[in-house]
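Understanding the architecture of this molecule
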Amino acid sequence: MNASFQITERLENRILELSATEGGPFYLYDTEIIQQNCSRFLSIPYPAKSIHFAMMSNSTPQFLEIISEAGLNIFVNSRVHLEMAMQLGYHGEEIVFAASAMDETTMIEVKQSGAIPILDSIGQLNKWFALYPGTGVGIRCNIGELVVPKRTLAGYFLGKESRLGLTLDSISKLEGNPNISGLHIYVGTNITDINYLIDCYNQVTKLVGLFPGLQYLDFGGGFGIGEKTIKEFDIETYGQRVSRLMSQVSEKTGREIKLILEPGRIIGVNSGYFVCKVVDIKDRNNQQMIGVNASCVQFPRPLFYPDDAFHPVMILHKNGYSNGKSGMASSIYGCSTYSRDFLARDIVLPQASIGDIITLGHAGSYCAAAHTDFLGFPKAKEFFL
Ligand SMILES: Cc1ncc(COP(=O)(O)O)c(C=O)c1O
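Residues numbered from 1 in each chain as written. Predicted model: local features only at pLDDT ≥ 70, side-chain atom pairs only at ≥ 80, totals over all residues.

**Focus on the overall build of the protein**
Across its full length, the protein carries eleven helices and 17 strands. Relative to the globule expectation of 21 Å for 385 residues, the C-alpha radius of gyration of the protein, 22 Å, shows essentially globular dimensions. If you line up the protein on its principal axes, its C-alpha atoms span 65 × 40 × 35 Å. Taken over 385 residues, the protein has a buried fraction of 42%. Taking the intrachain contacts of the protein between residues at least 6 apart in sequence as the baseline, contacts between residues at least 24 apart amount to 71%. (Helix = DSSP H or I, 4+ residues; strand = E, 2+ residues; numbered from the N terminus. Rg over C-alpha atoms; globule rule 2.2 N^0.38 Å. Buried ≥ 20, exposed ≤ 12 C-beta atoms within 10 Å, placed from the backbone. Contact = placed C-beta atoms within 7 Å.)

**Points about the domain arrangement of the protein**
For the protein, the assigned domains read domain 1 (9-29 + 269-384) and domain 2 (31-268). Once you take the C-alpha centre of each, domain 1 and domain 2 turn out to be 33 Å apart. Across the contact, 16 residues belong to domain 1 and 18 residues belong to domain 2. Taken together, the residues that form the side of domain 1 that touches domain 2 break down as eight nonpolar, six polar and two charged. (Domains from an automatic or database assignment. Nonpolar A, V, L, I, M, F, W, Y, C, P; charged D, E, K, R; others polar.)

**Re unusual backbone geometry**
Note: most residues except glycine have negative phi, and most peptide bonds are trans. If you check the backbone angles, N190 has positive phi at about 60 degrees while not being a glycine. In this fold, N190 is placed in the loop between β7 (180-184) and α8 (194-205). Of note in this structure, N286 is not a glycine but carries a positive phi near 60 degrees. Note that N286 resides in the loop between β10 (272-284) and β11 (287-292).

**Let's talk about the site of the ligand**
Neighbouring the ligand are 15 residues, the closest being A54, T189, G221, G264 and R265. Tallied by class, residues from the shell around the ligand come to seven nonpolar, six polar and two charged. (Near = placed C-beta within 6 Å.)

**Considerations on the pairing of strand β14 (residues 328-333)**
As paired strands, β11 and β14 are joined by four bridges and run parallel to one another. Residue pairing for β14: G291 is matched across the bridge by Y333. The pairing of β14 with strand β15 (residues 342-349) spans five bridges and is classified as antiparallel. Bridging across to β15, S330 finds its partner in I347. (Pairing = 2+ DSSP bridges.)

**Some words on the sheet that holds strand β8 (residues 216-218)**
Spatial ordering of the closed barrel is given by β2-β3-β4-β5-β6-β7-β8-β9, a layout of eight strands whose pairing is parallel. When the angles between neighbouring strand axes are averaged without regard to direction, this sheet yields 25 degrees. Looking at chain direction, strand β6 (residues 137-140) and β7 are connected through four bridges and run parallel. Counted as the bridge partner of R140 is H184 from β7. (Axes fitted to C-alpha atoms, helices over the stretch in contact; angles between N-to-C directions.)

**Side note on the environment of Q112**
Of note, Q112 is situated in helix α5 (residues 104-113). Sequence spacing of Q112 and E93 is 19 residues, and the spatial spacing of their C-alpha atoms is 12 Å.

**What to know about the packing of helix α2 (residues 31-42) against helix α3 (residues 61-70)**
Closest axis-to-axis distance for the α2/α3 pair is 9 Å, and the angle between their directions is 40 degrees. On the basis of their axis angle, the class for α2 and α3 is oblique. Regarding α2 and α3, the two cross each other, and that crossing is right-handed. Contacts between α2 and α3 involve T31, I34, Q35, C38 and S39 from the former and I66, I67 and A70 from the latter. Class assignment for the residues of the contact of α2 with α3 results in five nonpolar, three polar and no charged. (Parallel < 35°, antiparallel > 145°, perpendicular 65-115°, else oblique. Left-handed = near helix turned anticlockwise from the far one by under 90°.)

**Looking at the nonpolar core**
Counting 107 residues, the largest nonpolar core has Y27, I95, F97 and I185 as its most contacted members. Looking at which domains feed residues into this core, each of domain 1 (9-29 + 269-384) and domain 2 (31-268) gives three or more. Here F97 is in contact with V76, L82, V110, A115, I116, P117 and I118, once residues within four sequence places are set aside. (Core = buried A, V, L, I, M, F, W, Y, C linked by C-beta atoms within 7 Å.)

**Focus: the packing of α8 against helix α9 (residues 235-253)**
Two packed helices can be described by the angle between their axes and the distance between those axes. At a closest axis distance of 11 Å, the pairing of α8 and α9 adopts a crossing angle of 10 degrees. In terms of orientation, α8 lies roughly parallel with respect to α9. Counting all contacts with α8, which are made through I194, I198, Y201, N202 and T205, the residues of α9 involved are T237, Y238, R241, V242, L245 and V249. Residues of the contact of α8 with α9, tallied by class, amount to seven nonpolar, three polar and one charged.

**Notes on α9**
Taking 1.5 Å of rise per residue, 19 residues should cover 27 Å, and α9 covers 26 Å from first to last C-alpha, within 8% of that figure. Listed as buried for α9 are V242, M246 and V249. One face of α9 carries all of its buried residues, which in axial projection span an arc of 55 degrees. Exposed residues pointing more than 90 degrees away from the buried face of α9 are listed as E236, T237, Q248, E251 and K252. Turning to α9, the residues buried within the fold contact α8, β8 and β9 (258-261). Of the residues flanking the end of α9, it is G254, one or two places downstream, whose phi is positive at about 85 degrees. (Expected span 1.5 Å × (residues − 1). Arc of directions from axis to C-beta.)

**Observations concerning the pairing of strand β4 (residues 95-98)**
Looking down a regular strand, the side chains alternate between one sheet face and the other. Neither face of β4 is exposed, since I95 and F97 on one face and V96 and A98 on the opposite face are all buried. Bridge count for strand β3 (residues 73-76) against β4 is three bridges, and the pairing is parallel. Bridge pairing in β4 links I74 to I95. Remark: the β3/helix α4 (residues 79-87)/β4 crossover connection has right-handed handedness. (Right-handed = clockwise from strand over helix to strand, strands pointing away.)

Rendered as structure tokens:
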């Protein structure tokens, strides 16, 4: 299995330059692609909207500066990321903070920051209202009983199999509470099926009438590129459909309800490349086994999602790029002794040689941000075009 990707001359030249000077593996991001992804979300026609980049997908400061300059707000789920967001200049409602099992210290910090809080259970609401009676909060809704939940990358985010959000029963107990200012849903991750997203949103809109103080609907993130078969998420069609839905909600409610979105993966995924070098090659089980000067802890999606992570590969030979359309069964393994240290498995690649440069695509989201100290390799450096 393999898929090719296009690379600009500018990018190729920079990869060659950096490979000549860098001793280790590195990430390279195309700034223009990040900016284009941001502006596609900002072009969603519904006027009362706020687009919050999900920082967990890429928390590299330079990446965040690009996001902030492009005009996106921010979504965080931890105190460290909240503090980083504030240092970057985000404040108040430019920040959405959603988490589960928030302790009191976290709640106090969130309140002091002025961020929009999204809570995950009745217990969390009780704790919040004890600290801050009469203040507005959003609730994460698990509307799994109203839809047929679909398994997405990393499992179920709706229904009985998800640990997250308030069930319908809990939500209905809050009916009439004037301090519920928003309803939040996170349908799943890496979704390309717009119908599923809109169907789930539709169910959430049915709860709007329960809450007289409602100000916003937060439909979370989850916009994807698919795994193995790479698809382009159609933001334009999505934008039209979500805008139509929001206009209907606002009309029915008699006031403008704000739309909040929290895209993560889709903002960076196709902007980033992970680059490493071939150090050793061996044959094993009729496969070309390519050993590189990097470990899966530096490029961790294949470690976290061994069955699903898919990153197109290019090999830069001395005579130029090859995207592996023809070739032999291959795997790319890391330089530790850890048995699961693979960067790609069971793909088709042309014959590689020691010293070739390997570029893995779709490496701009949940890659650098997921670095782990396990095995003892340094965080790969990150560069921006
Ligand atoms: C509540 C919430 N919002 C947004 C995101 C970003 O999701 P994605 O990268 O799938 O767009 C996540 C990721 O887990 C999340 O949990």
